[in-house]
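Topology and contacts: notes
Chain by chain, the residues run as shown.
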Amino acid sequence: MSDYPYLDVLKRYYQGCSTGDVVLMKSAFTPNVVHYFPLRDPVRGADALAAHWLDLHQRLGATWAIDRTVVQGNEAVMEWTMRFTPRGAAHPVLWRGVDWCVFHEGRISEIRAFYHHPIEPRVPSELKDFPYRQRGYPIL
């Protein structure tokens with residue numbers, strides 16, 4: 001599996017998120033990486049993104065697994081599962097989703113997350129502040 005471009009980078013990213021290893025996470029990102037989400041503002045920059053995942057790991061005990069990955073050109077799409085224990089809950093839950101990653105010079109420069117939130121099912125499917133019009137996506 002490691003002969004596929006970018007797979008090792010994705011593994012480093014998710015291992016860093018699951019262990020709270022900021023240096024490992026940042027080794028997978030370009031300095032100006034942008035992560036788009038459906039519900040919240042994008043996280044911009046390697047330092048801010050690593051801090052975001054460290055916070056989630058520390059607060060909720062969040063860990064991630066890469067379930068499936070498809071790589072084509074400078075992009076990769078992967079299904080993931082996040083395990084965490086919601087605040088006040090006695091047992092962990094699983095959160096599943098897909099990340100669309102764009103690479104630049106061998107590192108992740110953009111991530112677009114798509115998911116069904118296990119706690120808040122009314123999360124919209126559109127990415128907040130994503131430049132749909134500028135990139136030629138259909139819009140209303």
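Every value quoted in this text rests on a predicted model; they were computed, and no experiment measured them.

1. Section: the overall build of the protein chain
Summing up its helical and strand segments, the protein chain has three helices and six strands in all. Of the regular secondary structure in the protein chain, the N- to C-terminal order runs α-α-β-β-α-β-β-β-β. Residues classed as buried in the protein chain amount to 41% of the 140 residues present. The contacts in the protein chain between residues at least 6 apart in sequence include a share of 46% that link residues at least 24 apart. In the structure as shown, the protein chain presents an accessible area of about 8,200 Å², 53% of it carried by carbon and sulfur atoms.

2. Section: the packing of aromatic side chains
Applying the stated criterion to the full structure yields eleven aromatic pairs. With 4.8 Å between their ring centres and 70 degrees between their planes, Tyr-13 and Tyr-14 make a pair best called edge-to-face. The interplanar angle of 70 degrees and the centroid separation of 5.2 Å between the aromatic rings of Tyr-13 and Phe-29 together place this pair among those described as edge-to-face. One end of the pair, Tyr-13, is in helix H1 (residues 7–19); the other, Phe-29, is in strand S1 (residues 29–36), and 16 residues separate them in sequence. Phe-29 carries the same exposure label as Tyr-13, and that label is buried. Its guanidinium or amino end placed over the ring of Phe-37, Arg-40 lies 5.3 Å from that ring's centre, counting from NZ or CZ.

3. Some words on the pattern of salt bridges
Summed over the entire model, instances satisfying the criterion amount to four salt bridges. A salt bridge links Glu-110 to Arg-112; its shortest N-O distance comes to 3.2 Å. Each of Glu-110, Arg-112 and Arg-135 takes part in a single network of salt bridges with overlapping partners.

4. A closer look at the sheet that holds strand S3 (residues 63–72)
Spatial strand order, S2-S1-S6-S5-S4-S3: six strands in an open sheet with mixed pairing. The sheet terminates laterally at strand S2 (43–44) and S3, the two strands that pair on one side only. Pairing analysis gives ten bridges linking strand S4 (residues 75–84) to strand S5 (residues 93–104), with the strands arranged antiparallel. From the neighbouring strand, Phe-84 faces S5, where its bridge partner is Val-93.

Definitions and cut-offs
- Residues numbered from 1 in each chain as written.
- Predicted model: local features only at pLDDT ≥ 70, side-chain atom pairs only at ≥ 80, totals over all residues.
- Heavy atoms only, no water.
- Helix = DSSP H or I, 4+ residues; strand = E, 2+ residues; numbered from the N terminus.
- Buried < 20%, exposed > 50% of the residue type's maximum accessible area, 1.4 Å probe, protein only.
- Contact = heavy atoms within 4.5 Å.
- Areas by Shrake-Rupley, 256 points an atom, 1.4 Å probe, with all protein chains shown as cover.
- Phe/Tyr/Trp six-rings, centres within 6.5 Å; stacked < 30°, edge-to-face > 60°.
- Lys NZ or Arg CZ within 6 Å of the ring centre and 35° of its normal.
- Salt bridge = Lys/Arg side-chain N within 4 Å of Asp/Glu carboxyl O.
- Pairing = 2+ DSSP bridges.

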